[in-house]
Amino acid sequence: MKIQKKYSFLFLLCLFTTLVSAQTLDQARVMFTNGDYKKAAPVFQKYVKSQPSNGNYNYWYGVCCLRTGNPAEAVKYLETAVQKKVTGGRLALGETYDQLFRFDEAVNCYTEYIEDLSKKKLSTVNAEKLLEKSKINLRMLKGVEKVCVIDSFVVDKADFLKAYKISEESGKLYAFNDFFESEGKNPGTVYETELGNKIYYSDRGKGQKMHLFSQNKLQDEWGKENLLPVNINTGGDTNYPYVLSDGVTIYYASNDESSLGGYDIFVSRYNTDSNSYLAPENVGMPFNSPFNDYMYVIDEFNHLGWFASDRYQPKDQVCVYVFIPNSSKQIYNYETTEHKEIVSLAKLSSIQKTWTDKQAVNAAKQRLAAAISHEPVTVKRADFDFVIDDTRTYHFLSDFKYAPAKDLFQRYQQKTKEYQQQTQKLNAMRQQYATSTPQKKEQMAPSILDLEKRVLQMEQELNEDAIKVRNTEKQRLK
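Residues numbered from 1 in each chain as written. Predicted model: local features only at pLDDT ≥ 70, side-chain atom pairs only at ≥ 80, totals over all residues. Heavy atoms only, no water.

Undergrad: How would you explain the side chain of Gln330 if you had to name every residue and give the values?
TA: The residue Gln330 is located in the loop between β15 (317-324) and α9 (339-347) in this model. With a relative accessible area of 17%, Gln330 lands in the buried category. Ignoring sequence-local partners within four residues, the contact set of Gln330 consists of Val144, Glu145, Lys146, Asp385 and Val387. (Helix = DSSP H or I, 4+ residues; strand = E, 2+ residues; numbered from the N terminus. Buried < 20%, exposed > 50% of the residue type's maximum accessible area, 1.4 Å probe, protein only. Contact = heavy atoms within 4.5 Å.)

Undergrad: Go over the packing of helix α5 (residues 89-99) against helix α6 (residues 103-119) with me, naming the residues and quoting the values.
TA: Here α5 crosses α6 at 165°, and the two axes come no closer than 8 Å. On the basis of their axis angle, the class for α5 and α6 is roughly antiparallel. At the point where α5 passes α6, the crossing takes the left-handed sense. The segment α5 lies against α6, with Arg90, Leu91, Leu93, Gly94, Glu95, Tyr97 and Asp98 engaging Phe103, Glu105, Ala106, Cys109, Tyr110, Glu112, Tyr113 and Asp116. The residue inventory of the contact of α5 with α6, partitioned by class, reads eight nonpolar, one polar and six charged. (Axes fitted to C-alpha atoms, helices over the stretch in contact; angles between N-to-C directions. Parallel < 35°, antiparallel > 145°, perpendicular 65-115°, else oblique. Left-handed = near helix turned anticlockwise from the far one by under 90°. Nonpolar A, V, L, I, M, F, W, Y, C, P; charged D, E, K, R; others polar.)

Undergrad: Any chance you could break down unusual backbone geometry for me, citing the residues and the numbers?
TA: One can expect most non-glycine residues to show negative phi and most peptide bonds to be in trans. A cis geometry characterises the amide bond from Met285 onward to Pro286, with omega recorded as 10°. Note that Pro286 resides in the loop between β12 (281-282) and β13 (293-299). Even without a glycine there, the phi angle at Phe101 is positive, about 65°. Assignment of secondary structure puts Phe101 in the loop between α5 and α6. With phi around 50°, His303 is a residue other than glycine that occupies positive phi space. Inspection of the secondary structure puts His303 in the loop between β13 and β14 (304-309). What makes His303 buried here is its relative accessible area of 18%.

Undergrad: Now, about the state of the cysteines: what can you tell me, with residues and values included?
TA: Counted by the stated rule, this structure contains zero disulfides. Cysteine Cys64 shares no disulfide, and the gap to the nearest cysteine sulfur, in Cys65, comes to 7.0 Å. We classify Cys64 as buried; its relative accessible area is 0%. The structure places no disulfide on Cys319, whose sulfur is separated from the nearest cysteine sulfur, that of Cys148, by 15 Å. (Disulfide = S-S within 2.5 Å.)

Undergrad: Hey, could you go over the environment of Arg367 for me, with residue numbers and the actual values?
TA: Inspection of the secondary structure puts Arg367 in helix α10 (residues 358-372). Sequence-wise, Arg367 and Asn302 are 65 residues apart; in three dimensions their C-alpha atoms are separated by 6.5 Å. Among the polar contacts made by the side chain of Arg367, one reaches the main-chain carbonyl oxygen of His303 at a distance of 3.0 Å. (Polar contact = N/O pair within 3.5 Å; in protein donor to acceptor, adjacent residues only side chain to side chain.)

Undergrad: Which residues make up the pattern of salt bridges, and what are the values?
TA: Think of it this way: side chains of opposite charge can pair up when their charged atoms draw near. Enumeration over the complete set of coordinates arrives at twelve salt bridges. Measuring nitrogen to oxygen at the nearest pair gives 2.8 Å for the salt bridge that ties Arg311 to Asp293. Of this pair, Arg311 sits in the loop between β14 and β15 while Asp293 sits in strand β13; the two residues are 18 residues apart in sequence, bridging distant segments of the chain. Per residue, the accessibility class of Arg311 equals that of Asp293, and both read buried. Note that Arg430 and Glu452 form a salt bridge whose closest N and O atoms lie 3.1 Å from each other. Residue Arg430 is located in helix α11 (residues 403-434), and its partner Glu452 is located in helix α12 (residues 438-477); the two are separated by 22 residues in the primary sequence. Of the residues examined, Glu452 reaches a relative accessible area of 29% and is grouped as partly exposed. What emerges from the salt-bridge pattern is a single network uniting Arg90, Glu112 and Asp116. (Salt bridge = Lys/Arg side-chain N within 4 Å of Asp/Glu carboxyl O.)

Okay, structure coming up:
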């Protein structure tokens, strides 16, 4: 009888232990379903260690890592889940690759995911959007701009505009509530021109989305509110406007579907001929990231640029970056640069890595220090930025040491102006084409195609001419 009771006790103990383990896993799955990944992660981690080849355990733990901000840890588990053909594995792995800037692998992952959905005759609409976004991200990574970031400041998000020490010649920045003396939670900002006769600002429009508006001052009063066109005010929130002194170029931030993630910085230009804005362009990396990037400002007087980002920052803080604006866009060579290095440059993991011209950095830091202390500074503004090699960037014609190289560069400058004119003309024609009738489109198409070929040819010629200028100048520098 005692023996029988002993075995009954052991049986109940084993049964109790089994029930507790099963209950713990079930609880973790409920937490997973409810999005409480942080609490669920330790349970799945324990199970995946005990059964490393279990596809579901790998999937659950991998997703928990992904959702709690550790995509690097998630990769191996989600790759195992994909090998085990766990439902949803490819989708989660594609998102993980995206967060790690492994966009080429994300493209492959989403492509295979779409194929799986097609075989099962399931909708591929959302997956195709993710695929297209990864393709855009990959193109941006292949075009990371060479920009020298001289400093950065981590500040409170609530009053980040105070970190922008721009010159009076560059206008003024305000929080929406401060400028309009209003109350309530309005995240909009206001840009007022140097003369104080025009403002650009963001406010809630229809559907409570943030839209960009402008107003002109008539005598001492602000005039009618003007909504900027639909190609700027897209389906997402649009905010943080800034306009250059030319009155034509506008920078702003939007979080619509064309952004990398959160707010991205865009640029557009006002076309006086058609009384409209040209198609906006994403300014790309390193200014934009999968996080929120915004309030892009170019202080033309101090020759300094500013933008804000919450990349890798606590919830209530942002990092304000200060950089040297480029007169023309130059990008890193994606093919010859290691992937790890290009990702680091895209993320601005180390701003010191962007300091290829120490003389330019020191001069910019002096201008920044003067701007911060409000001391007047006489700045000899650069006429251009032309890279000779990794250690030399020319800003004036007098920088050239070799007369033949200077002559070549002046011809290069003239070609650049012609290229810019033709590019603007092409953008205007494309804009007109988009709103034309089918008959008009048929008439315009040959001219647009011819101009596209010409612009592409001019771009290739400019690249060749730039190489000739550099090689000719470096002959004297040797």
